[in-house]
Amino acid sequence: MNFHLKVWRQENGQSGGQFRDYEARDIPAEASFLEMLDIVNEGLVLRGEEPVAFDHDCREGICGMCSLTINGIPHGKGRGTTCQLYMRKFSDGDTIYIEPFRVGAFPVVKDLVVNRTAFDRIISAGGFISERCGAAQDANDTPIGKTVADYAMDAAACIGCGACAAACPNGSAMLFVAGKVGHLGLLPQGKPEAGRRVRGMVAKMDDEGFGNCSNFYECEAVCPAGVPAAFIAKMNRDYAMASVSNAVEATA
Amino acid sequence: MSKPILDAKIPPGPLAHKWTSYKATSKLVNPANKRRYEIIVVGSGLAGGSAAAVFGEQGYNVKCFCYQDSPRRAHSIAAQGGINAAKNYQNDGDSVARLFHDTIKGGDFRSREANVYRLAEVSNSIIDQCVAQGVPFAREYGGMLANRSFGGAQVSRTFYARGQTGQQLLLGVYSELSRQIAAGTVKMHPRTEMLDLVIVDGHAKGIVVRDMVTGEIASHAADAVVLATGGYGNAFYLSTNAAGCNVTATYRAYRRGALFANPCYTQIHPTCIPVSGSYQSKLTLMSESLRNDGRVWVPKKKEDCGKNPADIPEEARDYYLERKYPSYGNLAPRDISSRSAKEVCDEGRGVGPGGLGVYMDFSDAINRLGEATIRERYGNLFEMYENITGENAYKTPMRIFPAVHYTMGGLWVDYGLMSNVPGLFVIGEANFSDHGANRLGASALMQGLADGYFVLPYTIGNYLAPLRGTRPDVGRPEFKQTEAEVRDRIQRLLSVKGDRTVDSFHREIGLLLWDACGMARTKEGLEKAIKRFDEIREEFWKNVRVAGDNEELNQSLEKAGRVADFIDFGQLMCRDALNRNESCGGHFRSEYQTPEGEAQRNDDDYFYVAAWQHTGDGNVPEMIKEPLHYETVQLATRSYK
Ligand SMILES: Cc1cc2nc3c(=O)[nH]c(=O)nc-3n(C[C@H](O)[C@H](O)[C@H](O)COP(=O)(O)OP(=O)(O)OC[C@H]3O[C@@H](n4cnc5c(N)ncnc54)[C@H](O)[C@@H]3O)c2cc1C
Ligand code: FES
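Remember, predicted model here, so these are calculated numbers, not experimental data.

Participant: Would you explain the sheet that holds strand 9 (residues 224–227) of chain B in this entry?
Facilitator: Pairing between sheet strands relies on hydrogen bonds along the backbone, with the strands arranged either parallel or antiparallel. Residue and element names in this part refer to chain B. Strand order in the open sheet formed by 5 strands is 5-2-1-9-17, and the pairing between neighbours is parallel. Each of the sheet's edge strands pairs with one partner strand only, and the pair in question is strand 5 (186–189) and strand 17 (424–426). For this sheet, the mean inter-axis angle between neighbouring strands, taken without regard to orientation, is 20 degrees. With 4 bridges joining them, strand 1 (residues 38–42) and strand 9 adopt parallel strand pairing. Counterpart to I40 in the pairing with strand 9 is V225. Across the face of the sheet, helix 12 (residues 444–464) comes into contact with strand 1, strand 9 and strand 17 while running at roughly 150 degrees to strand 9.

Participant: Whenever I open this one, the site of ligand 1 confuses me. Can you help?
Facilitator: In the vicinity of ligand 1, 39 residues are found, and the nearest of them are Q68, S76, M194, E429 and L445 of chain B. Close to ligand 1, residues of chains A and B are found. In the model, a nitrogen atom of ligand 1 is placed 3.5 Å from a nitrogen or oxygen of the Q80 of chain B main chain. G82 of chain B places a main-chain nitrogen or oxygen 2.9 Å from a nitrogen atom of ligand 1. Put simply, the parts of the chain that give the shell around ligand 1 at least two residues each are helix 3 (46–58), strand 6 (192–200), strand 15 (398–407) and helix 12 of chain B. Per-element accounting of the shell around ligand 1 gives the leading share, 3 residues, to strand 6 of chain B. Classifying every residue of the shell around ligand 1 gives 17 nonpolar, 18 polar and 4 charged.

Participant: How should the interface of chain B and chain A be read in this particular structure?
Facilitator: Frequently, the measure chosen for interface size is the accessible area that the parts lose on association. Tallying the contact residues gives 81 residues for chain B and 75 residues for chain A. Taken together, both faces of the contact between chain B and chain A bury some 6100 Å²; the carbon and sulfur share is 51%. Across the chain B-chain A interface, the total number found is 9 salt bridges. Its salt-bridge partner being K87 of chain B, residue D138 of chain A comes within 3.0 Å of it at the nearest N-O pair. Where chain B touches chain A, the interface holds 45 residue pairs in polar contact (both at pLDDT 80 or more).

Participant: I would appreciate a short explanation of the packing of helix 3 of chain B against helix 12 of chain B in the present structure.
Facilitator: The angle between the axes and the distance between the axes are what describe a pair of packed helices. All names here are of chain B. Interhelical geometry of helix 3 versus helix 12 gives an angle of 30 degrees and a closest axis separation of 8 Å. The orientation of helix 3 relative to helix 12 falls into the category roughly parallel. The handedness of the crossing between helix 3 and helix 12 is right-handed. When helix 3 is examined against helix 12, the residues L46, A47, S50, A51, V54, F55 and Q58 are found in contact with a partner set consisting of L445, G448, L449, G452, Y453, L456, P457 and I460.

Participant: What is the right way to read the sheet that holds strand 6 of chain B from this model?
Facilitator: Residues and elements named next belong to chain B. The strand order across the open sheet formed by 3 strands is 6-7-8, and the pairing between neighbours is antiparallel. Edge strands, defined here as strands with exactly one partner in the open sheet, are strand 6 and strand 8 (217–221). Adjacent strand axes in the sheet meet at a mean angle of 30 degrees, parallel and antiparallel pairs treated alike. Examined bridge by bridge, strand 6 and strand 7 (residues 203–211) share 8 bridges and lie antiparallel to one another. Among the inter-strand pairings, L197 is bridged to a residue of strand 7, identified as I207.

Quick notes on the rules
- Residues numbered from 1 in each chain as written.
- Chains lettered and ligands numbered in written order.
- Predicted model: local features only at pLDDT ≥ 70, side-chain atom pairs only at ≥ 80, totals over all residues.
- Heavy atoms only, no water.
- Pairing = 2+ DSSP bridges.
- Helix = DSSP H or I, 4+ residues; strand = E, 2+ residues; numbered from the N terminus.
- Axes fitted to C-alpha atoms, helices over the stretch in contact; angles between N-to-C directions.
- Contact = heavy atoms within 4.5 Å.
- Near = heavy atom within 4 Å.
- Polar contact = N/O pair within 3.5 Å; in protein donor to acceptor, adjacent residues only side chain to side chain.
- Nonpolar A, V, L, I, M, F, W, Y, C, P; charged D, E, K, R; others polar.
- Buried area = accessible area lost by both parts, 1.4 Å probe.
- Salt bridge = Lys/Arg side-chain N within 4 Å of Asp/Glu carboxyl O.
- Parallel < 35°, antiparallel > 145°, perpendicular 65-115°, else oblique.
- Left-handed = near helix turned anticlockwise from the far one by under 90°.

What follows is the structure, given as structure tokens:
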């Protein structure tokens, strides 16, 4: 198969960028999107040009490293990560636009590579359960109903890729934050810190410059892990409760 | 002069008491003194992430490094199937002793007894720890933890979180790490690649790294260095590893004097999606857990191989694992299942493109349990399979083929997980210690977390306590010298400007290793490959083309450094395989097999760990033995029949 690519090239975080045209020729239909870029890059290297930089690692849809906006959609059409997109989903001769994830809080590092460390800082602001290694009780001492465990797992499945924020017209990271808040808050082990957690993470999210949620739900549509947007509503409730109880604690 | 023999420093006393007595007599660092120490942890996977988090929690100052943009993306994330522990929650006869025995036997009696026993012993604490930090393991309706079975065991001891166990365990580790980062005890350095180890007065005292965004080369000093950099399966180019998985950190340490143990022990996983073309960059694993419900078969007759599987009647199918290994059946261990798949394909009975595939069929399980149950157990795997191959495995059997997956070999460590270089510790897949010649499924996650959470935090004190925080400064000549060497190597890579891409070299050595040092190895093939590596190395340094400069994000340069190390290391793998004139676990030398085609060990001559010492680039390394001693286990022919 052959494709016309329009690829965002940007030297570094300080420079401007623009789309450049490349031809992808003789691409097997079984190739993945990233393998198609590999082929293009090998050609560029041999011609003495700079290959296109893009993030990737596991190439099996779980590490969350790959992060391309393809024809305007984070990770491209259909559910799944960029690395799990296969060229057979395109038609021969297609023109394909390839850009980085566009989020204010994810500055471009080079070409298609962005800096998502804001997500790590949000997790550091409360996305954990404080427990000391070696101090745990037997794992079966606290039963957790299957439904609760399964629902927590739905939220925990987040791969931290940032597509949610990239798809959101406001650049909001609500689904990412709500996933972690939901996962830990549903489990008995996570309840003692639930209030602190949601307050800390939401404050950090605002601080990092992510936008607000105005219920577009584009995030859910692109989430490769299928984290349900219902967790956002749940987090809003948790947050309201936590803010109230915080105010009460402060005056008590 | 007789060659030195390695001492693993295994504590005295009966096997079951060794770890307890070790802990009781280890040196402690006073809590107030811990903050005077600095520990470098390279790697943020299950092993490195957990070690860094616990060190931080204990009060040490930690610097943690990873090459991804976030510690949460270490390749541990990709583990699907599960993690073992001897909880015996299923009341099916499991115990620490049984887990220990299964692991030793699974490793084909080539691992160290004391290490494996300790691993089994701490396995239960891992599950407790993970649940406490919020890992959403699968549960039964009553709220208790659920289990599944993995290869090489007749009990159900594997804990799992859908098909994403590694992800959930790593996110647990990452949350602990994030807590310590917030507390200021751990400083995280993502997108930073370790390119060399710094030795001062014979001790490991720091590393030289490259900032992968700016290209800056910098040194970091510490009281101790921990390598948790994962496995070297990418030496084969095609593997289930992530694109960035590399041998650079451990190979550079080897060049600085650390011994590399059993590099030829590699695991070829039986159930991966088959190769479809030369453009392919990776192979995708289909979790071994599928073998709980999938039945593996090929047509009995070659002529049937091209047919639609639905048109091949039951009596014309050869369920070869069930036939050859009736007591373990489809759950025979990985090395055996992989070799069996190779055999039937060599006989011309393989299916799919090139005849390099076998069927894994779920129709019986779907008939018995219903599609919904199968979907709940493995939904994401079926989805992944369909996405990659375009086939629906609920309707037609999956096609699978073995692929390189895990490396049992690694840097040599003693019982305390310290290498022969004082101050250099090695944990997780990067070390060699627990899996012998073959690893059982669900045991790598267990080992990574055992090392990081429950072993190293105890053993490192023995090294650190006497030092009292007297680490050298990065201004010392040893650091400057190592930095200069790193810069020089980068310049050499950039200045070749030849006409072959880095990937083309990587593909070439991958194929070479797969043929000569893959599922079946011969003296002749290995000797040829060893020679060939010399030629490839020469061509690489004359003709490789690396784009761009050092002072920028340069993926071509990153890859070039890794591939250069794989070339040197691949040759070492072949040397080790050539030395071992026996078959054991994942190391199958065609000359050494039983009349039934099973691996034939030679305990008289090869009951040892082969640890290789670097003797200069381009020179033949020296092999140092660590003889194995078993106190409780009887050496036996491994049988799963
Ligand atoms: C697809 C797949 C499925 C698996 N499924 C299972 C399973 O179900 N059960 C099981 O028990 N095991 C499984 N395994 C094996 C298991 O996942 C790994 O052995 C284990 O997770 C390795 O953990 P680790 O911490 O040692 O290394 P990794 O998780 O690979 O981490 C390595 C770390 O080192 C860093 N690093 C590497 N090199 C450098 C460098 N030069 N400089 C700086 N940083 C560096 C990386 O950034 C990363 O943070 C699976 C493996 C694969 C590939
Ligand atoms: S590369 Fe890991 S999710 Fe795409």
